[in-house]
Structures are given as structure tokens and as C-alpha cells.
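# Secondary and tertiary structure notes
Chain by chain, the residues:
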Amino acid sequence: MQATINPQTTLKKHFGFDHFRALQEEIIEGVLNQKDSLVLMPTGGGKSVCFQLPALLLPNITLVVSPLIALMKDQVGALKANGITAEFINSSMDENEQNDIVQLAIKGEIKLLYLSPEKLLGLLNYLVNNVKVSLIAIDEAHCISQWGHDFRPEYTKLALLREKWPSVPIIALTATADKITRRDIVKQLTLNEPNIFVASFDRPNLSLAVRFGIKKKKKIEEIASFIHARKNESGIIYCLSRKATEEMAEEMLAYGISAGFYHAGMSSEQRSKIQDDFINDRIKVICATIAFGMGIDKSNVRFVIHNSLPKNMEGYYQEIGRAGRDGLPSDTLLYYSLGDVIMLRNFIEESGQKELNHEKLNRMQQYAETPICRRKILLAYFGETLEKPCNNCDVCKNPRQTFDGTLLAQKALSALVRTEEKISASVLIDILRGSHRKEIIENNYDRIKTFGAGKDLSVHDWQQNIIQLLNLGLVEIAYDESYMMKVTEFGKSVLYGKKTIELVKIEKLESFEPKKKRSLEIDDTNDLNTDLFDYLRGIRRHLAEKENVPAYVIFSDATLKELVDKKPIQVSDLLQISGMGEFKIKKYGNTFVKEIKQWLKSNDVKAPKTDTFMETFRLLNENYSVEEIAETRQLHATTIYSHIAHLFSKNIVSSIDNYINQTEYNIVKEATIELGETKQLSPIFQYLKEEIPYHIIRLCLAKLEKEKNE
Ligand code: ADP
Ligand code: ZN
């Protein structure tokens, strides 16, 4: 196929995608018009294409600054898998290797060069004098800001880029959206009246669920069965401490789940080994502290579980965001307990910025406790409004009921007042439930009026209710006084009957059915389809091992799923599949088509028919020329023209004036009149002394026919 400058065609040809995602097209247009840009898009939103595609269309090289070595390697690997010339330079390479790559850049033999900021700055003067640069992309641009969550001092020196290459456009990209960071990026990189794009931070393919106050043993059981229900799918379990990651991995192994752990206390070799095993699907589950995830680009992480409450919404959003980057349905599940809250509050007390961090944790707790759609709360936190409930969170699926909780609150508040607000939540629960534990008796707590007044509720239910009282602001925990619970002014007004409160009914623990839904169910009723998925996954793994790249670099799960749905048995049919670019079709097309045929045969399944006319139509719509279509479909151009004539007569194609001119049309029209309104091609062809080709005659006849009918 010929070179083309149309971004849409380039998208299909080189990346295999049929449509741009939200904002990608506008961003690319701005970049191609030499504008500076700032792009804020969630993880998985599709930032890379925004500079990778312009890189292909611009005359010279695109420099990409990226802080994470592993990511750099993966991105370059993925580009190469699409037949795009790209390289990276980082500190893991020796001088010779680095020099070889610089030479390629000088010779203009690569379209993209990825560099760590240190390397770029180190080579800056040399590059300025020797390499022609068309575009500079700065990935993870929030690293420039001290306000961001991942400040890297070397990023601040990137302002030099503008000085050295004053006329080269810069595109800065990040998944961190807050306004301060945003302003800081523009200022520090001296972006010149940049186009600023803020994508929605909604990730509708991620399901959201929260489970409260589950005992450890039961929790582990639940997690194991959740994972068992997701055969062949991988995910991350985030834990609060290093020790917890190791324990969790051990628990999972005991359930026969292949799991490893990852935390900052391990050597860097150990860490990269486990990361590699995970990326290459050698282990299914990674139990990790939040140190894990920054540098991984695995697009088919199907679930993220939080073993305990994250300390703020930013972290939570980022961690769940590691699931489902390929856009396929993925699940997230958060466990939390009163104990988590107390522990986190304790950490905060010992840290700087106490007030801010307590507030952030409050917001996190509100999310975990919300009686309304969780996605609404999550997006509201990032300044977006979701109009309708999402239907993909546990609250939407199982709406909460409320009740008048005034009496219940009064029982608890009264017990607190009568113990002079000197007890913790667990003692309070013991009093309410009438426990005869030593501490209760010794302190004469069994004599107070509300002793045993809450016997009817379980410990779990009381914990959940107390959390609600905390969230509603009736009580506070004094972290500096051994977690004693204090009644607030608002609490007092409820206690003395001046105000009433609504509480959310507590969910029955049994209502959780981890096995109910499998995220990658292709077709509930058809096991065969799932089999084909597994079968193709096997082929993909085999190719990946042979080429020593992660499996998703060959094809994403989304692409495999489409192969399963459409079951293409001709290489030309592959053009319909998202993720199938020209290069990958050439490289793997035959293999996959052959394997699909083989699978269909051995499972006695009929291949779906492709509608040859519609296939031509689809390609026309993607702006392929007739010659290009003929080439990819391995048909004659005349056949394609006959398809077009057919599509036109069926009103599918609205005009064919591009293919015929008025003179030809008039000549053919006269010939048909002369020959007695014939619709046969060959008499006309002969009559016109073979001067007008068959396919033109055919098109003219189609047009004549239509005009007659009109
Ligand atoms: P980000 O850098 O924003 O986290 P990526 O650039 O890695 O996101 O893209 C996430 C996933 O979406 C990748 O698997 C990528 O191939 C895919 N993707 C990007 N753009 C498109 C598109 N227009 N159509 C389909 N898939 C896309
Ligand atoms: Zn919802």
C-alpha cells in the first residue's frame, strides 16, 4: 500500500485500530499543526498513539522522554511489533550500544527515540547539533511537579529542551489531572499557548466493589474463589505492608493459585524477575505493595484487589487503573475494616501534612461507605459529574436501603458518654453486645445503662454502623488518646433527640458471589468460544516466547476476543479486526487464519461467511483506494469495481462520480439507447470499439439504472 498522510488510515495501517478514541484525533491534529499540547488522560486512555502516530507522519525524528526503563523497553517492543522503527537509550546500556542508536538517529533511520531524562540531558548538545527533531514527547509529565505524587528532580531540567529546540513542538502527557500539577507542567516546560486536553477519567470497563469488615480467613477464601473463577486471567492484590504481600502470596499458593510477591524490600533483580514473570503470564497473581505497577504496561490485567483500604483516592484510582487497559471488562474489589482505618490514621499522625492526609482518608472512607453509585463518588472526586448511576458497581447492582438510625446511634452515643468518652470502638462494641470480658467487668462497664442494648447486632454490623457514625460526623476518634471515641456536637444533638439520622442497612455477607461473573466471558452459553480463546491464547504465547516479548505485544486480549467473535478464515478478513495493522497481518495473519480454520474443523464448527460486498464497502470507508483493496483482498480491481457498482445500486454507496467522468457516462448512455437499452456489458464494449473499459461501463450502467428509477 502507498504511503499516506491521513491520520485515520495511518491508525489502521500501523496500529491496526479502526477508530480514534476520545480526543486522540484532535490531539494529533494539533501536534501536526506544530502546536504545543498538554494531554491529561487516564491510564489506558491511549496516550501513546497521540505522539506515536504524528511521529510517523512528521519528516524527522520524535524524541520521547520517559522515566521508567521497563516501560520504555515495552513501548519500543510494541512499536517494533507493529513494524515501526523505534529505539531507546537508557543507563542500562553500555556506551557502544548507546552510540549505535545515536548513529541511527543521526542517519534518520528511526522514527522514535525513547530516552530517560538523564540520558537526554547528557546527550543534549550532541543531539541538538546532529539530529533533526520533529517532535518532543514528555511522558509522565507530572514528574516535573513537586505537587505531583512522583516528583523527579531531573525532570525540572527539561526546560532546556525548549531553549535548545525553540521551534520544535512539545507534547506533555500525564494521567494526573489536578490543576496545580497541570499549571506547573505548562510553566516549567515553557509550553507556548498549549492545547490542553482533559479526557474523562471514567473507566467504564472497570467494575467497582467494596467489602467491609470481613474476617481474615473468610477474606482469603473469598479472594481465592474470586481468582479461581477467573481461569487464565491475571491480576494484582495490593497489600499495605511488605509482610502482608508475602503472607498473601503464600495463602494464594496454598489455594493452588500461582502467585508471587513484590515490594521495595527486595533486590532489584528479584523485583524485575517477578515483574517479568507476571508480564509474561508465567505467574497469575502478584501480591504487591503500592510500589508495584508504575513501570508495567501489561494491558490484560483483569482484576485488582485491595486487601486493605488505600490511604487516598488518588492512589486507589491509580491502582485500580492498572486493570483493563485494553478496554475489556475487568473487576476491582476493595476490602476494608475498621482496623485499616485506625492503622492508617495512626500512620498519618506520625507523618507530616496531618490535616490534609486525614481529610484525604475521610474522602476515601466516604467512597468505601457510599450508599450511592461508587463511580459517581469516584468521578466527583476528580471533578467530573456522572449523570446516571453506572450499573457497574456493587451499589448499583445491589441498591442500599436506609432506615432511621437515630435509636441505634443513641445507644452507642449514650454508652460513650457514660464511659466518659474513654473507650475505643472495640470496647464500645463489647459493651453494646453485653460482653463479660475481663476488661469490661473490671471497669464496671456492665453496670452502665446501655450494657447489652445492642445484643441483636453482630460485631460486624456494629463495626459497620460505627463507621457510618464516624462518616456522618457523630463521633470522632482521638488518635492521640489511644483511639478513644469522642462524641461531637452533632452527635450530642442526636443523642438528646434534637436531630435524627438515616443509616444504610448492612449488606448480608452471603450476598457476595464471587463466582457469579467472569470478566472475560465471551459468550455465556458457548463453551466452544471460550475454548477458541484459550486455543488462540496458546498460539500467542508460543509466538511471544519465540520472539521473547510479552504476549500482549503480539496481540492484545481485545484483539484475540474479536478473532474469537468473527472467526476470520481469510487473511483479508483480518483487516476487520481491531489491533491488526498491516505489519502484523503480514507477520502473523497466515498463522492465525490457519489455526482458526484448524480449530473450526476439529470442533466441527462452520465458519461464518464474509459478505464480500460489505468488506469492500468497509475498506472504502477507511479511505483505501480500489487498487489497495484489490491488493489486500487478493482480487482483481475490476471485481472491486463491480462491488462498488453493486453497493451503489443498493444505495449503500451514495455516489460513484469519483470513478467515472461525465463524457464517459454520456457515451455509454448513448450506446445503450443505440443498442436498445441493453444491460449487457459486452455488446456495449464492442460497440464502443473496446475503448471504454468494462468496469467503467458497469459503473455507468448502475448509474443509468438508478437515474431511470428516480
Ligand atoms: P496510556 O498510555 O494512556 O495508559 P496506552 O497508550 O498504553 O494508554 O493505550 C492503552 C491501550 O489502548 C493499549 O493497549 C493501546 O494499544 C490501546 N489503544 C490505544 N488507542 C486505541 C484505539 N484508537 N483503538 C483501540 N485501542 C487503542
Ligand atoms: Zn454505580
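On a predicted model such as this, the values are computed, not experimentally measured, just so you know.

Moving on, we get to unusual backbone geometry. Phi is positive for Gln353, close to 50 degrees, though the residue is something other than glycine. Looking at where Gln353 falls in the secondary structure, it is placed in the loop between α13 (338-349) and α14 (354-369). In the Ramachandran plot, Asn444 falls in the positive-phi region, its phi being about 60 degrees despite a non-glycine side chain. As for its position among the elements, Asn444 is in the loop between α19 (438-442) and α20 (459-472).

All right, on to the packing of aromatic side chains then. This model, assessed by the stated rule, comprises 13 aromatic pairs. Consider the rings of Phe555 and Tyr588, whose centres lie 5.6 Å apart with planes at 70 degrees: the pair is edge-to-face. With Phe555 in the loop between α23 (551-554) and α24 (557-566) and Tyr588 in helix α25 (residues 582-602), the pair connects residues that are 33 residues apart, well separated along the chain. With a relative accessible area of 1%, Phe555 lands in the buried category. By relative accessible area, which is 2% here, Tyr588 ends up buried. Ring centres 5.1 Å apart and planes at 80 degrees place the aromatic pair Phe555 and Phe592 in the edge-to-face group. One end of the pair, Phe555, is in the loop between α23 and α24; the other, Phe592, is in helix α25, and 37 residues separate them in sequence. By relative accessible area, Phe592 is classed as buried at 0%. Counting every residue linked through ring pairs, the aromatic cluster contains Phe201, Tyr317, Tyr381 and Phe382. Stacked on the ring of Tyr367, the Lys or Arg Arg374 has its end atom at 5.7 Å from the ring centre. Over the aromatic face of Tyr665 sits the side chain of Lys703, whose NZ or CZ is 4.9 Å from the ring centroid.

As a further point, take the environment of Arg282. Tracing the backbone shows Arg282 in the loop between α11 (268-279) and β12 (285-288). Sequence-distant contacts of Arg282, that is, excluding residues within four places in its chain, are made with Ser258, Asp276 and Asp277.

A few words on the coordination of the zinc ion (ligand 2). In this structure, Cys373 (SG), Cys390 (SG), Cys393 (SG) and Cys396 (SG) serve as the protein donors to the zinc ion (ligand 2), at separations of 2.3 to 2.4 Å. Classification of the site at the zinc ion (ligand 2) rests on its four donor atoms, whose angles at the metal span 101 to 119 degrees, yielding the label tetrahedral. Linear spacing of the donor residues for the zinc ion (ligand 2) on their chain is C-x16-C-x2-C-x2-C. Highlighted residues: Cys373 in the loop between α14 and α15 (374-381) and Cys393 in the loop between α15 and α16 (394-397), separated in sequence by 20 residues. Assessed through its relative accessible area of 5%, Cys373 is described here as buried.

Looking now at the site of ligand 1. Near ligand 1 there are 14 residues, and of these His19, Gly44, Lys47, Ser48 and Arg325 occur at the shortest range. At a separation of 2.8 Å, a nitrogen atom of ligand 1 approaches a polar backbone atom of His19. Protein contact buries 83% of the 570 Å² of open area that ligand 1 shows by itself. Each residue belonging to the shell around ligand 1 can be placed in one class, and the counts come to four nonpolar, seven polar and three charged.

Working definition: two side chains of opposite charge can pair if their charged atoms are close together. One pass over the full model with this rule turns up 31 salt bridges. As a salt-bridge pair, Lys80 and Glu87 come within 3.2 Å of each other at their nearest N and O atoms. Taking the relative accessible area as the measure of exposure, Glu87 reaches 18% and is therefore buried. Overlapping salt bridges, with partners in common, bring together Lys273, Asp276, Asp277 and Arg282 in one network.

Before going further, it helps to spend a moment on the environment of Trp165. Its location among the elements puts Trp165 in the loop between α7 (159-164) and β6 (170-174). Overall, the relative accessible area of 7% leaves Trp165 in the buried class. For Trp165 and Lys587, which are 422 residues apart along the polypeptide, the C-alpha to C-alpha distance reads 38 Å.

Take the pairing of strand β10 (residues 234-238) next. Judged by how many residues are buried, β10 sits mostly within the fold: five of five residues are covered. Judged by which residues are buried, β10 turns out to be covered on both faces: Ser234, Ile236 and Tyr238 on one side and Gly235 and Ile237 on the other are all buried. As paired strands, β10 and strand β13 (residues 301-306) are joined by five bridges and run parallel to one another. By the bridge assignment for β13, Ile236 is matched with Val304. Judged from the four bridges that link them, β10 and β12 form a sheet pairing that is parallel. Each residue of the ladder has a partner; that of Ile236, found in β12, is Ile286.

Let us now look at the state of the cysteines. Under the counting rule described, the total for this entry stands at zero disulfides. Between Cys239, a cysteine without a disulfide, and Cys287, which holds the nearest cysteine sulfur, the sulfur-to-sulfur distance is 5.6 Å. Using a relative accessible area of 5% as the deciding quantity, one classes Cys239 as buried.

Further remarks concern a negative patch on the surface. Taken together, the side chains of Asp94, Glu95, Glu97 and Asp100 define an acidic patch exposed on the protein surface. The topology assignment puts Glu97 in helix α5 (residues 95-106).

Let's shift gears to the domain arrangement of the protein. Here the protein is described as being made up of domain 1 (7-198), domain 2 (206-341 + 361-390), domain 3 (402-506), domain 4 (528-610) and domain 5 (619-709). With centres defined by C-alpha atoms, the gap from domain 3 to domain 4 works out at 60 Å.

Each value, and the rule that gives it
Counting of residues starts from 1 at the beginning of each chain's written sequence and follows it residue by residue. As a convention, the first chain written is A and the first ligand written is 1, with the rest following in written order. Only residues with pLDDT of at least 70 get local features here, since the model is predicted, and only at 80 or more are side-chain atom pairs given and counted; chain-wide, interface and lining totals rely on the full set of residues. To obtain the side-chain values, all non-hydrogen atoms of the structure were included, while hydrogens and water were left out. Helix numbering and strand numbering both begin at the N terminus, where a helix is a DSSP run of H or I of at least 4 residues and a strand a DSSP run of E of at least 2. Aromatic pairs are defined between Phe, Tyr and Trp rings, using the six-membered ring for Trp, whenever the two ring centres lie within 6.5 Å; interplanar angles under 30 degrees are classed as stacked, those over 60 as edge-to-face, and all others as tilted. We call a residue buried when its accessible area falls under 20% of the maximum for its residue type, exposed when it is over 50%, and partly exposed in between, using a 1.4 Å probe and counting protein chains only. Two conditions define a charge located above a ring, namely a distance within 6 Å from the ring centre to NZ of Lys or CZ of Arg, and an angle within 35 degrees of the ring normal. Note on contacts: a residue pair is in contact if any heavy atoms of the two residues lie within 4.5 Å. As a rule, N, O and S atoms within 2.8 Å of a metal are its donors, except that Na, K and Ca use 3.2 Å; water is not among the atoms, so sites may look incomplete. The geometry test gives tetrahedral to four donors whose angles all lie between 85 and 135 degrees, gives square planar to four donors and octahedral to six donors whose opposite members are over 155 degrees apart with all other angles between 65 and 115, and gives irregular to the rest. Nearness of a residue to a molecule or strand requires only that one of the residue's heavy atoms be within 4 Å of it. Any N or O atom pair separated by 3.5 Å or less is treated as a polar contact, with the protein-specific requirement of one donor-capable and one acceptor-capable atom, and with residues adjacent in sequence counted only for side-chain atom pairs. Surface exposure here means Shrake-Rupley accessible area, sampled with a 1.4 Å probe, where a residue is shielded only by the protein chains that are shown. Basically, the charged four are Asp, Glu, Lys and Arg, the nonpolar ten are Ala, Val, Leu, Ile, Met, Phe, Trp, Tyr, Cys and Pro, and anything else, Gly included, counts as polar. Salt bridges are identified by distance alone: a Lys or Arg side-chain nitrogen within 4 Å of an Asp or Glu carboxyl oxygen. By definition, two strands form a pair when at least two bridges between them are found by DSSP. When two cysteine sulfur atoms are found within 2.5 Å, that pair is recorded as a disulfide. Patches here: salt-bridge-free residues with over 30% relative accessible area, like charges joined within 9 Å, nonpolar side chains (Val, Leu, Ile, Met, Phe, Trp, Tyr) joined within 5 Å. A residue counts as positive if it is Lys or Arg and as negative if it is Asp or Glu; His and the chain ends are not included. Taken as the charge centre is NZ of Lys, CZ of Arg, CG of Asp or CD of Glu, depending on the residue. Domains are outlined according to an automatic or database domain assignment.

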